[in-house]
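Structural features, examined
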Amino acid sequence: MTEPILTIRDLHIEFRGKQRHDVVRAVDGISLHLDRGEVLSLVGESGCGKTTTANAVLGLTTPTEGHISVAGIDIATADRKQMKAARAYMQMIAQDPYESLNPRMTIEDIVTEPLVVHGQQDDLRERALRALASAGLTPPEEFIDRRPHELSGGQRQRVVIAAALSIEPGLLIADEPVSMLDVSVRAGILNLLKQLADDKGIGVLMITHDLATVAAYSDRIAVMYLGRIVESGPTLDVIASPEHPYTRALLSVVPNHDPTVKTQPTLLVGETPDASNIPSGCRFHPRCPAAFEPCSQIDPVLLATSDDRTCACLLYAEVSSPA
Ligand code: SF4
């Protein structure tokens, strides 16, 4: 079995809160892995810790505890040379293609910037043309000498992806890659990321609040709530039969494409609690429509509910084995 390109084990990230003694447990013990050629969507509401997790993988946030390994390089103990290799191996797809592209640069300069930063100065134009073509901007000769303001939002996001591809990464981290784009071009960008995983074997970690949009383009889903993964599994299985009440609630508000199917949305009461004041027991219990007596006292751990699925809910606690 080949080693995952990304492994996160028992990651904790804490920050100081607004009050002097407050500790914000932004990420509270998550573990996950991503294989070559796989798209994993990390899904949850704003503030659940998904972007903090991505920042830790990118080396932008220091974990309080835990272990992150990218292509076999331990991010915590990597020396400068290893960290440089890891930084080239993983590339970020930013959320906003309107802000992330320098309006004064040509598309060629933007796409080749990662190569220049990493000291790879040879054949820049050819490599830019290849990257643009891989990102679906064809023929690439039509785009390479333009500037960002001459492109649509979808084309700009493809330029962002081309810049990431220019250095031939093994891991793409895409943080809400389509949330700033027109609905009509979202599917094309998500399809491109899935194709890059399938055709080039790149692993894609997709960070999103929008379970419905990413579902068709992910191989696996991990649902986060208040710093923890509460459910994970193959996308089709999770969508067809969500186990955790939070996942069920997220899916219940997704419109069904079949107008004859009537779904009853589960409206969650209240806002997500503050990560500096995590509820006792199951952290979801104040909002959970299925909560029962022990939920306010017992903190459920993530358990295997089948060969490839996990869930952190007391409803499954007695029938499962530790994940
Ligand atoms: Fe709901 Fe209880 Fe399961 Fe938590 S443990 S998700 S409160 S049923």
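Everything that follows concerns the structure shown earlier in this document.
Residues numbered from 1 in each chain as written. Predicted model: local features only at pLDDT ≥ 70, side-chain atom pairs only at ≥ 80, totals over all residues. Heavy atoms only, no water.

As for helix α6 (residues 183-200)
We apply this condition: We count a stretch as a helix when DSSP gives it H or I for four or more residues in a row; a strand needs E for two or more, and each element gets its number in order from the N terminus. Multiply 1.5 Å by the residue count of a helix minus one, and that product is the helix's expected span. Exposure categories follow from relative accessible area, calculated using a 1.4 Å probe and restricted to protein chains: below 20% of the type maximum is buried, above 50% is exposed, and the middle band is partly exposed. Whether two residues touch is decided by their heavy atoms; if any such pair falls within 4.5 Å, the residues are in contact.
The end-to-end C-alpha separation of α6 is 26 Å, in line with the 26 Å expected for 18 residues at 1.5 Å each. All of the buried residues along α6 are I189, L190, L192, L193, K194, L196 and A197. Close packing links the buried residues of α6 with β3 (39-43), α4 (124-134), α5 (153-165), β7 (171-175), β8 (203-208) and α7 (211-214). Where α6 terminates, the next one or two residues include G201, which has phi positive at roughly 75°.

Let's talk about the environment of I107
Residue position: I107 is located in helix α3 (residues 107-117). Looking at I107, the relative accessible area reads 0%, which means it is buried. Each C-alpha atom of the pair I107 and V159 lies 7.2 Å from the other, and the pair is 52 residues apart in sequence. If we skip the residues at most four places from it in the chain, I107 touches L132, F143, I144, R146, R147, P148, L151 and V159.

Focus: the side chain of R156
Short version of the rule: As used throughout, the charge tally considers Lys and Arg to be positive and Asp and Glu to be negative, leaving His and the chain termini uncounted. Salt-bridge detection follows one rule: a side-chain nitrogen of Lys or Arg within 4 Å of a carboxyl oxygen of Asp or Glu. Any pair of nitrogen or oxygen atoms within 3.5 Å is treated as a polar contact; in protein, a donor-acceptor pairing is required on top of that, and neighbouring residues in sequence qualify only through side-chain atoms on both sides.
Structurally, R156 can be placed in helix α5. Here R156 sits buried without a salt bridge, and the closest side chain of opposite charge, D96, lies 7.1 Å off (N-O distance). Of note is the side chain of R156, whose polar atom sits 3.3 Å from the backbone oxygen of P148. The residues contacting R156, other than those within four sequence positions of it, are P97, Y98, L101, P148, H149 and L151.

A short note on the packing of aromatic side chains
Aromatic ring pairs are reported here in terms of the distance separating the ring centres and the angle at which the planes meet. Filter applied, for reference: Here a Phe, Tyr or Trp ring, Trp counted by its six-membered ring, pairs with any other such ring whose centre lies within 6.5 Å, and the pair is stacked when the planes are under 30 degrees apart, edge-to-face when over 60, and tilted otherwise.
This structure, assessed with the given rule, holds three aromatic pairs. Measuring from ring centre to ring centre gives 4.9 Å for Y225 and F284, while their planes differ by 75°; the resulting arrangement is edge-to-face. Placement of the pair is Y225 in strand β9 (residues 220-225) and F284 in the loop between α9 (245-252) and β11 (303-306), with a sequence separation of 59 residues. Judged on exposure class, the residue Y225 and its partner F284 are both buried. Between Y246 and F284, the aromatic rings sit 5.3 Å apart at their centres with planes inclined by 65°, giving edge-to-face as the arrangement.

Description of the site of the ligand
In plain terms, the rule: If a single non-hydrogen atom of a residue is within 4 Å of a molecule or strand, that residue counts as near it. Note on residue categories: nonpolar means Ala, Val, Leu, Ile, Met, Phe, Trp, Tyr, Cys or Pro, charged means Asp, Glu, Lys or Arg, and polar means any other residue, Gly included.
Every one of the 13 residues lining the ligand counts as a neighbour, but C282, C288, C295, C313 and L314 are closest to it. By residue class, the composition of the shell around the ligand is eleven nonpolar, two polar and no charged.

A short note on the sheet that holds strand β1 (residues 6-16)
Note the cut-off: Note on pairing: DSSP must find at least two bridges between two strands before they are called paired.
Taken together, four strands build an open sheet; the order of strands is β2-β1-β4-β5 and the sheet is antiparallel. What marks the edges here is a single partner per strand, and that holds for β2 (23-34) and β5 (73-74). As defined by bridge partners, β1 adjoins β2 across nine bridges and the pair is classed as antiparallel. Across the sheet, L6 pairs through a bridge with L34, a residue of β2.

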